[in-house]
Amino acid sequence: PQPTPLPSLTPPSPPRPLELATLRLQNMMDISIKNWDALRPEDQHLKVLTQLGGCLILGAGGETILDYKDPGICAVLNFENALNKLDAAKA
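Cut-offs applied
- Residues numbered from 1 in each chain as written.
- Predicted model: local features only at pLDDT ≥ 70, side-chain atom pairs only at ≥ 80, totals over all residues.
- Heavy atoms only, no water.
- Helix = DSSP H or I, 4+ residues; strand = E, 2+ residues; numbered from the N terminus.
- Buried < 20%, exposed > 50% of the residue type's maximum accessible area, 1.4 Å probe, protein only.
- Contact = heavy atoms within 4.5 Å.
- Areas by Shrake-Rupley, 256 points an atom, 1.4 Å probe, with all protein chains shown as cover.
- Expected span 1.5 Å × (residues − 1).
- Bend = angle between axes of the 7 residues up to and from the residue.
- Polar contact = N/O pair within 3.5 Å; in protein donor to acceptor, adjacent residues only side chain to side chain.
- Patch = residues over 30% accessible without salt bridge, like charges linked within 9 Å, V, L, I, M, F, W, Y side chains within 5 Å.
- Salt bridge = Lys/Arg side-chain N within 4 Å of Asp/Glu carboxyl O.
- Pairing = 2+ DSSP bridges.

A.B. asks: Run through the overall build of the protein, naming residues and quoting values.
C.D. replies: Along the backbone of the protein there are 3 helices and 2 strands. Ordered by position in the sequence, the α and β elements of the protein form the string α-α-β-β-α. When burial is assessed residue by residue, the protein has 12% of its 91 residues classed as buried. For the protein, the proportion of contacts with a sequence separation of at least 24, taken over those separated by at least 6, is 22%. A total accessible area of about 8,300 Å² is found for the protein, and carbon and sulfur atoms account for 62% of it.

This is the structure in structure tokens:
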């Protein structure tokens with residue numbers, strides 16, 4: 001009999017752009033569109049273009065610690081940078 005192969009020790013590769021776009025579309029269809037009435041912005045805010053990827057971290061006094069805006073498709077926040085900013089704000 002053949003020996004059982006060892007599991008891979010390397011992490012799986014990140015999703016490719018088309019795979020990521022497919023996941024975003026599935027999320028949009030399963031969550032956003034089905035629950036549009038509950039999730040939609042108020043009428044006065046509908047004229048503003050919304051974007052998926054973004055992060056705003058505020059300090060205890062309301063000051064901005066991190067303001068990340070997705071620069072385009074398939075971009076994500078570098079969480080290590082965000083954690084570094086949080087650490088610096090605590091110091």
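A.B. asks: Please give an account of helix α1 (residues 17–33) that cites residues and values.
C.D. replies: Within an α-helix, residues lying three or four positions from one another point in the same direction, as the helix has 3.6 residues per turn. End to end, α1 covers 22 Å across 17 residues, agreeing with the expected 24 Å (1.5 Å per residue, within 8%). The principal kink in α1, of about 25°, is found at Asn 27.

A.B. asks: Could you give an account of helix α3 (residues 79–90), with specific residues and numbers?
C.D. replies: Helix length check: α3, at 12 residues, gives a terminal C-alpha distance of 17 Å against a target of 16 Å (1.5 Å per residue), a fit within 8%. You can read the cap of α3 off the contacts: a side-chain oxygen lies 2.9 Å from the backbone nitrogen of Glu 80, and it is on Asn 78.

A.B. asks: So what's going on with a nonpolar patch on the surface? Residues and values would help.
C.D. replies: Together, Leu 25, Met 28, Met 29 and Ile 33 make up an exposed nonpolar region whose accessible area comes to about 360 Å². Along the polypeptide, Ile 33 turns up in helix α1. Classification of Ile 33 by relative accessible area gives partly exposed; the value is 48%.

A.B. asks: Residue-level account of the pairing of strand β2 (residues 64–69), with values.
C.D. replies: It is a general feature of regular strands that their side chains alternate between the two faces of the sheet. Looking at chain direction, strand β1 (residues 54–58) and β2 are connected through 5 bridges and run antiparallel. Bridge pairing links Leu 56 to Asp 67 in β2. Linkage of β1 to β2, two consecutive antiparallel strands, is achieved through a turn of 5 residues, within which Gly 62 is found at a positive phi near 90°.

A.B. asks: Residues and numbers for the pattern of salt bridges, please.
C.D. replies: Taken as a whole and judged by the stated rule, the model has 3 salt bridges. A salt bridge links Arg 16 to Glu 19, with the nearest nitrogen and oxygen atoms 2.6 Å apart. On the basis of relative accessible area, Arg 16 is assigned to the exposed category, the value being 57%. When the shortest N-O distance is used, the salt bridge between Lys 34 and Asp 30 registers 3.8 Å. The class for Lys 34 is exposed, based on a relative accessible area of 63%.

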